[in-house]
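Report on the structure
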Amino acid sequence: MERVRGFEIAKGFENAGINIPVRKTKYSAGYDIEAAEDVVIPSFKKGMNPSMVKTGLKAYMQDDEYLKLCNRSSNPKKKGLILANSIGVVDADYYENPDNDGHIMFAFYNIKDEDITIKKGEAIGQAIFEKFLVADNDVASGERIGGFGSTTLEK
């Protein structure tokens, strides 16, 4: 079978009991993503960095696709968790990058007054594969040289 798009276990998580994401219904757009380990998300204080929640996963896809990371609809109300970047974008060239093997992480802020604990295996978000378009005058030629937040403009 030809590999088109999908999920794999990221390096370092091979024996960590990571579940490959699945869609729960045949009309679901998103694949449910779980936390790879227990993590405490502290209550937000001005100036703090978001908490990075590891998934133990990486994703492969076609060159004209990306993986959109979305919050669970219940997270803000039930747990006070919001994505620091509103949505996450995982580019096709993030897969197996030299810095972190393409390990996917969710960046959360906790807007509740108390710290929130996420348990290993708990659903934290959704991932949706999508196509993208480029403009007529697009001349992108840079190459990714690292992991999270490392897209370059080098030629």
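Residues numbered from 1 in each chain as written. Predicted model: local features only at pLDDT ≥ 70, side-chain atom pairs only at ≥ 80, totals over all residues. Heavy atoms only, no water.

Moving on, we come to the sheet that holds strand β9 (residues 105–110). In spatial order, the strands read β4-β9-β7; together these three strands make up an open sheet with antiparallel pairing. Two strands bound the open sheet, and with one partner strand each, they are β4 (51–54) and β7 (81–83). Across the sheet, the mean angle separating the axes of adjacent strands is 45 degrees when strand polarity is ignored. In terms of strand pairing, β7 meets β9 through three bridges, oriented antiparallel. Bridged to L81 within β9 is N110. (Pairing = 2+ DSSP bridges. Helix = DSSP H or I, 4+ residues; strand = E, 2+ residues; numbered from the N terminus. Axes fitted to C-alpha atoms, helices over the stretch in contact; angles between N-to-C directions.)

Time to look at the nonpolar core. Counting residues in hydrophobic clusters, the biggest one holds 27 residues, and the most contacted among them are V53, L67, F108, I118 and I124. Breaking this core down by element, the ones donating at least two residues are β3 (39–41), β5 (57–60), β6 (65–71), β7, β9 and β11 (123–131). Ranked by residue count, the leading element in this core is β11, at three residues. Not counting the four nearest positions on each side in its chain, I124 is found in contact with I33, E34, A35, V53, T55, N71, R72, N75, F106, F108 and I118. (Core = buried A, V, L, I, M, F, W, Y, C linked by side-chain atoms within 4.5 Å. Buried < 20%, exposed > 50% of the residue type's maximum accessible area, 1.4 Å probe, protein only. Contact = heavy atoms within 4.5 Å.)

For the coordinates displayed, the defined rule picks out six aromatic pairs. Judged by centre distance (5.3 Å) and plane angle (55 degrees), the ring pair of F7 and F129 falls under tilted. With F7 in strand β1 (residues 6–9) and F129 in strand β11, the pair connects residues that are 122 residues apart, well separated along the chain. Look at F44 and Y109: their rings are 5.2 Å apart centre to centre, the planes differ by 85 degrees, and that puts the pair in the edge-to-face class. Remark: Y109 occurs in strand β9 and F44 occurs in the loop between β3 and β4; sequence separation between them is 65 residues. (Phe/Tyr/Trp six-rings, centres within 6.5 Å; stacked < 30°, edge-to-face > 60°.)

A positive phi angle, near 65 degrees, is found at S86, a position not held by glycine. Its place among the elements puts S86 in the loop between β7 and β8 (88–91). On the basis of relative accessibility, which here comes to 60%, the residue S86 falls in the exposed class. Even without being glycine, D101 reaches a positive phi, approximately 65 degrees. Checked against the element boundaries, D101 lands in the loop between β8 and β9. With relative accessibility at 6%, the residue D101 sits in the buried group.

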